[in-house]
Amino acid sequence: MSKYCEIPRVCHALALCLIVSFSNSLMATASVAHNAVNSLDRYRMLAEAGDINAVFQLAQAYRFGTHGLAVDYAQALEYFRLGLKHSPNRKDLRTGIYQMHQGEGEAVAAARKQAEATLLRDAEMNHDADAYYALYLINWKAPKIRQIYQAKAAELGHVMAAYHAAHHYRYGWSVKSDLIKAIYFYEIAAKKGHRHSMDALKELSTDPKVVDYYSQEDISRFANYSEVHLSQSNAAAVANMKLAKEAYDLGDEAQAIEILNEGLANWRKRSDDFKYTSRIWWEGQTQAGRYELEWSLFLYKWLCVTYNASDRHTYTRIGAAVHVAERYVSLGRYGMMRQVCGDLKKHMHEQDGIDVDAYSQAVRFNDDYSLFTSNPLPVHIKYDAVTHRKDLLSKDDLISANTMSAVKYLAQERLAVGDWESALLYADWMHRWIQYIEVSGQKPKRTFPGYHFVVDESAYFIRASVFAGLGLIEEEAQVYELVLKKKYRDSQSRGCLESKYKLAALRVKQGRFDEIDLEDLAENEATIKANQYFESHQWQFSKLVRARVIAAREDFTTGLALVDEVLTATTEQTLPLLRLEALLTACDLSMDQNNYTPVQTWLMEALTWARSQGLLLEELRVYECYVHYLMATGDYQLALEMQQRILELITALNLSPRETEAWRQLAQIYVLLNDRESALAVVDRVGRSLFEPKWLALLEASDSSAPTVAADWGLIGLQPLRMVSAPIVSDGQTIFTISNPTPQSANLQVQIESERFSIVDATSSDDYIAFKLSNAISDKPRGTKLSYTLLADSQVPILISASGVDQLLEDTEIQLSVYTVNQKLESHWLMQAYAGATDVAIVDAAHLIDNPFYLVPVYHQLSAKDLGATTVALRAIASEPTRIEAYAIDGSLIFVDAEGNGSLADSGDLIGGTNMHGLYPTLEWKGSDIPIEFRYQPLHRKSGEHVEIQIETCNDKDSTDWTTNVIDWLEIGDK
């Protein structure tokens, strides 16, 4: 952590220290508990953290005597000076300090006299340019006096004083016009990097009076100030980045940060930092950052912290955060992406007054997926809610272009976890903002070059991504056709180039190979490769599309050779998305030629990449390809299991348009398994009209008594295999879960037995099975059995609770058994007399051995009574690298921890829902326990090993204390 400026201490020991520090949160402003301190204390805390808005509010509070303060011009003056030192361009600060000393009356006169005496002492003793500038503002109504102070401040290097003095002499404002003096003061400001002064010098370099007075060398200097300054700032930034990169490559990120901070501080001593930091931005976007995504991310995170700590970079803050988000997408770090989206929303609220989350409730869409809502997101700022640099805005201003460009990443993060409704809402917002500009002619004040097509195309690509996820091929194709029709020339036609190869990929999927112009596709590929605004490898996605067309239309060997070239180029882990696409392309082409030998290996690697990047939609593609492979190679039982996983994932991602085809595929697999009844159950569920009549007739005419393909593991599941816990008491319970993944209901017998306890009650409903235990009593049975119909495609908890159980003096075992027509399942629960409070659930994970894609399902119910909270954060930590997925009872995603390390900030991590506790999802209690389904896959599994997984919760939103609620113990036994 290093300081880039130190500001003298003021009254009440306030020190405004703008600090550049580096953290994953990217935010340098202090975290303030609004309810813990009053607004005045809050302003002081924020001011100490470098918030210039808070400094202005404190100045105003002392100026007008608000927030319970007495009027104190001296204190107000100190805060105005602090603000102006770091934000000399802020009109509200300049106006405030001027207006405060222009009033009439003895109090004002006395305050002005006192202030002038203090400022003059500081100015003369310390050669303080800021003090002279404040004297200049105070004496605005006395032209001769203010001119003296203005000149002194300018001579000492105060940029705004020099620029104003130059302007006055150039145009004869309050002084006699004098171009020579104007040039003198313009040069003072220009040497500090003041852009308007550089522009003015260039204009004056052609003025006849200036040409006659100065030498040709001087004239050349005036004309080229901007170019020379840019060259010098670029050279300084490049030299500094070279040193930082050397430290970064050695793994010393802290040293790299220190080097960047030191270089920036040195440059700021001589000039404004805008061009300097812009060169670092350029490096991350179009130079080395195109090839090294981690280095690019590092640079943009540093820029975020730098910009957040300086009031000079008001609207570049959100732009830098956008690039951090973009890199997280490329690297598959959607957990961190979620946090950046929180930062983006914070910027939006501060700069535009827009509370994005307030508009995402009850979103509705028409049949064509256009937005249908009475309260769409606005195109204008909410002026009264703006908290950052309101002085630059008017009430009718449009939302800034930077804000609208950031919306794309809010949409991408939501789509990654299946919230396509929010993604479409954001796309609609971007489109309506552009349409308003086109119709009204009003332009946003805060903008960047090319904002129009950047925002509009981003909206189109979000819609295309939604349609791709929903499996709506024609709707996706229409989006790309619209982008091509618009012919935007942004970033060297980036949108058109991307749309061309993506549209070709859709035509390949539809089998419409003849519509694709191979020469045009090859030329498009070469253009992408040469375009500095694309990541360096993106042209190879187009190459893979071309490979598919060549393999289908001309020569399979040539097409597969192109894919091999991409696979060879993607052996490093820095290009996971391209590697994934190449593997899936290789699988499709090989299976088209009935060559299945390499496919399973490719698919296992593809699944690893999809999961490691948090790409659930791509994971779905891998599963679909795997089912195709399994059906072609005759492994129908495993195909059935994988198809059921596809349906689960479709539910988790809310992809309802894909359900019908998935169910139809499931029915086909049941037919291949000779399971006529299950196939008919699927037909009845989906609707007979969606199946071909001939296929239906053959199914109905088939022999219902024909044996099904034997499965080597039961369809009905009971978990955990064993449970170890402390004794439960009067309000405790332990939960087992029974599941039925088939499309038919199953008739069961559920039995519980114990030597130590009697079973005093046994009840059931569609949602649960419950047994109540008590001390053994002679006239009560120590075992009981009930009949139960487990509905198709469902799971229910078996709740075992205690009533009147005394403290155990010895360990006691309870046995739970479930019987079906052809299965017997057993689970054992050991109550240890002197065990700790944490349950251990031992889960049979043997099926991991013969299904590399299998995720072990485990069900738990979190109890609000035990946790004593209304909301609770959730996480899970594994003893060995393990993929952990958590789902709510409706199938919606809670989180994915790709490595099971308890952090959701790594590649492949995902966070569903909307409520957060830091970087963890929170669950809300609604009067009953919360059922949660966990799914586990150890990443390095071997027969005979075990993995422990701790399920942990945190009750207090301000706490970092986590409590272990249960431990799942995965036993990977022999099959």
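Described in the following lines is the structure provided in the data block. What you are looking at is a predicted structure, and each value in this text was computed from that prediction instead of being measured.

1. A short note on helix H15 (residues 274-286)
Thinking step 1. The end-to-end C-alpha distance of H15, which contains 13 residues, comes to 18 Å, matching closely the 18 Å that a straight helix rising 1.5 Å per residue would cover.
Thinking step 2. Residues of H15 that are buried sit in contact with helix H13 (225-249), helix H14 (253-268), helix H16 (288-291), helix H17 (293-308) and helix H18 (316-331).

2. Observations concerning the packing of helix H3 (residues 73-86) against helix H5 (residues 106-126)
Thinking step 1. Packing of H3 against H5 leaves a shortest axis separation of 10 Å and a crossing angle of 45 degrees. Judged by the angle between their axes, H3 and H5 are oblique. As for how H3 packs across H5, the hand of that crossing is right-handed. Here Tyr 73, Ala 74, Leu 77 and Arg 81 of H3 come into contact with H5, specifically with Val 108, Ala 111, Gln 114, Ala 115, Leu 119 and Asp 122.

3. Some words on the environment of Ser 702
Thinking step 1. Relative to the helices and strands, Ser 702 is located in the loop between helix H34 (693-701) and strand E3 (717-719).
Thinking step 2. Classification of Ser 702 by relative accessible area gives partly exposed; the value is 30%.
Thinking step 3. Each C-alpha atom of the pair Ser 702 and Val 671 lies 9.5 Å from the other, and the pair is 31 residues apart in sequence.
Thinking step 4. Engagement of the side chain of Ser 702 in a polar contact is seen with the backbone oxygen of Leu 699, the distance being 2.5 Å.

4. So, the packing of aromatic side chains
Thinking step 1. Inspection of the entire model under this criterion finds 26 aromatic pairs.
Thinking step 2. Between Trp 281 and Tyr 300, the ring centres sit 5.7 Å apart and the planes meet at 85 degrees, which makes this aromatic pair edge-to-face. On the criterion of sequence distance, the pair formed by Trp 281 in helix H15 and Tyr 300 in helix H17 is long-range, its members being 19 residues apart. Each member of the pair, Trp 281 as well as Tyr 300, carries the same accessibility label: buried.
Thinking step 3. Their ring planes at 15 degrees and their centres at 5.2 Å tell us that Phe 691 and Trp 695 sit as a pair that is stacked.
Thinking step 4. Among the aromatic side chains, those forming a connected cluster through ring pairs are Tyr 133, Tyr 136 and Trp 140.
Thinking step 5. Stacked on the ring of Trp 295, the Lys or Arg Lys 245 has its end atom at 5.5 Å from the ring centre.
Thinking step 6. The lysine or arginine in question, Arg 494, covers the ring of Phe 534, its NZ or CZ lying 5.2 Å from the ring centre.

5. Digging into the sheet that holds strand E14 (residues 856-862)
Thinking step 1. Spatially, 5 strands are ordered E14-E21-E16-E17-E18 in an open sheet, and the strand pairing comes out antiparallel. In this open sheet, the two strands that pair with only one neighbour each are E14 and strand E18 (910-911).
Thinking step 2. Bridge count between strand E16 (residues 882-887) and strand E21 (residues 930-938): 6 bridges; the pairing is antiparallel. Bridge assignment links Tyr 887 to a residue of E21, and that residue is Glu 933.

About the criteria used
- Residues numbered from 1 in each chain as written.
- Predicted model: local features only at pLDDT ≥ 70, side-chain atom pairs only at ≥ 80, totals over all residues.
- Heavy atoms only, no water.
- Helix = DSSP H or I, 4+ residues; strand = E, 2+ residues; numbered from the N terminus.
- Expected span 1.5 Å × (residues − 1).
- Contact = heavy atoms within 4.5 Å.
- Axes fitted to C-alpha atoms, helices over the stretch in contact; angles between N-to-C directions.
- Parallel < 35°, antiparallel > 145°, perpendicular 65-115°, else oblique.
- Left-handed = near helix turned anticlockwise from the far one by under 90°.
- Buried < 20%, exposed > 50% of the residue type's maximum accessible area, 1.4 Å probe, protein only.
- Polar contact = N/O pair within 3.5 Å; in protein donor to acceptor, adjacent residues only side chain to side chain.
- Phe/Tyr/Trp six-rings, centres within 6.5 Å; stacked < 30°, edge-to-face > 60°.
- Lys NZ or Arg CZ within 6 Å of the ring centre and 35° of its normal.
- Pairing = 2+ DSSP bridges.

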